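Analysis of the macromolecular model
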Amino acid sequence: FLLTAFVTFVLLDRLGFHWLGSFVGGAAFGFSWWQLEQAFYGHSGLNHLWILPLLLLGLLRLQRTADPLTAAGIGALVAVAFYLFSYLGVIAVVLVAVFMLGNLVRGRRSGALRRTLFLDGVVWVTAYAALFPMLLAAAFLPSGFERSFPVTKADFFGAGLTDYFL
């Protein structure tokens, strides 16, 4: 909670909001009822929302500096988001992809397209490299869940179209 509130405060402060508005925004995001509810129900992975404002801070820094080290840090943050909770990882990927599309359009207009493509590549290669152990484990280490319960055809394909009609 505190880390989410603090990182959101820093993000809002860097965006130019008054310190009091940044404080209230950080507190509202960090201690929202949804956050408290997830903690109460034991969904600890969903309490790591600090990764999203930190990712936004990194993306804004990348836009300002165009530094490969910052791009690598963003890729690492995407991987950390996946390790924390898969939904946060998907949100992080969408956030970075939308930001990169905007940078590509902007880079094309300003003539810095090659540099923008390089930095985008650094982000995705770093994210993939950091996620590689998880991908290997998923591919080669079968989970005990599959062996604990009988596996049927429906487990692989889910409901068919005819299953929704009476």
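The structure displayed is predicted, hence computed values, not measured ones.

**Examining the overall build of the chain**
Secondary structure summary: the chain contains 9 helices and 0 strands in total. Its helices and strands in sequence order give the chain the pattern α-α-α-α-α-α-α-α-α, from N to C terminus. Across the 166 residues of the chain, 29% fall into the buried class. Pairs at least 24 residues apart make up 63% of the contacts formed inside the chain by residues separated by at least 6 positions.

**A word on the packing of helix H5 (residues 68–84) against helix H7 (residues 113–140)**
It is at 7 Å that the axes of H5 and H7 come closest, and there the two elements cross at 35 degrees. Of the two possible hands of crossing, H5 and H7 adopt the one that is right-handed. Residues Pro68, Ala71, Ala72, Ile74, Gly75, Ala76, Val78, Ala79, Phe82 and Tyr83 of H5 touch H7, and the partners they reach there are Arg115, Phe118, Leu119, Val122, Val123, Thr126, Ala127, Ala130, Leu131, Pro133 and Met134. Residues of the contact of H5 with H7, tallied by class, amount to 18 nonpolar, 2 polar and 1 charged.

**Here we look at the layout of surface pockets**
The volume enclosed by the largest pocket comes to roughly 230 Å³. In this structure, the largest pocket is lined by Arg14, Leu15, Leu57, Gly58, Leu60, Arg61, Gln63, Arg64, Thr70, Gly73, Ile74 and Leu77. Of all the secondary-structure elements, those providing two or more residues to the lining of the largest pocket are helix H4 (51–65) and H5. Ranked by the residues each element gives to the lining of the largest pocket, the list is headed by H4, at 6 residues. Here the lining of the largest pocket is composed, by residue class, of 5 nonpolar, 4 polar and 3 charged. The volume enclosed by the second largest pocket comes to roughly 180 Å³.

**Details of helix H2 (residues 19–30)**
When the terminal C-alpha atoms of H2 are compared, their 16 Å separation across 12 residues agrees well with the 16 Å that a helix rising 1.5 Å per residue should span. All buried positions along H2 are accounted for by Ser22, Gly26 and Gly30. What you see down the axis of H2 is that its buried residues fit within an arc of 50 degrees, all on one side. Against helix H1 (2–14) and helix H3 (33–40) lie the buried residues of H2.

**As for unusual backbone geometry**
Unlike most non-glycine residues, Ala66 shows phi in positive territory, near 55 degrees. Inspection of the secondary structure assignment puts Ala66 in the loop between H4 and H5.

**So, the nonpolar core**
One finds Ile51, Leu55, Ile74 and Val96 to be the most contacted residues of the largest nonpolar core, which totals 25 residues. Looking at this core, the elements with two or more residues in it are H1, H4, H5, helix H6 (86–110) and H7.

**As for a nonpolar patch on the surface**
Taken together, the side chains of Phe1, Leu2, Phe31, Trp33 and Leu36 define a hydrophobic patch exposed on the protein surface, amounting to about 560 Å² of accessible area. When you line up the elements, Phe1 lands in the segment before H1.

**Considerations on the side chain of Thr116**
Take Thr116: it is sitting in helix H7. On the accessibility criterion, Thr116 (13% relative accessible area) is buried. Discounting residues that sit within four places of it in the chain, Thr116 has contacts with Asn103, Leu104 and Gly107.

**With respect to the environment of Leu15**
Mapping Leu15 onto the fold places it in the loop between H1 and H2. Along the chain, Leu15 and Leu60 lie 45 residues apart, while their C-alpha atoms are 9.4 Å from each other.

**Quick word on the confidence of the model for the chain**
Here the chain averages 79 in pLDDT, while 81% of its residues score no lower than 70. At the low end of the mean pLDDT range in the chain sits helix H8 (residues 144–148), at 51; at the high end sits H5, at 91.

Conventions and cut-offs
Residues numbered from 1 in each chain as written. Predicted model: local features only at pLDDT ≥ 70, side-chain atom pairs only at ≥ 80, totals over all residues. Heavy atoms only, no water. Helix = DSSP H or I, 4+ residues; strand = E, 2+ residues; numbered from the N terminus. Buried < 20%, exposed > 50% of the residue type's maximum accessible area, 1.4 Å probe, protein only. Contact = heavy atoms within 4.5 Å. Axes fitted to C-alpha atoms, helices over the stretch in contact; angles between N-to-C directions. Left-handed = near helix turned anticlockwise from the far one by under 90°. Nonpolar A, V, L, I, M, F, W, Y, C, P; charged D, E, K, R; others polar. 1 Å grid on protein atoms, 1.4 Å probe; cavity = no way out; pocket = protein on both sides within 12 Å on 5 of 7 lines; lining within 4 Å. Points joined across faces, edges and corners; volume = space filled by probe spheres on them. Expected span 1.5 Å × (residues − 1). Arc of directions from axis to C-beta. Core = buried A, V, L, I, M, F, W, Y, C linked by side-chain atoms within 4.5 Å. Patch = residues over 30% accessible without salt bridge, like charges linked within 9 Å, V, L, I, M, F, W, Y side chains within 5 Å. Areas by Shrake-Rupley, 256 points an atom, 1.4 Å probe, with all protein chains shown as cover. Salt bridge = Lys/Arg side-chain N within 4 Å of Asp/Glu carboxyl O. pLDDT = per-residue confidence, 0-100.

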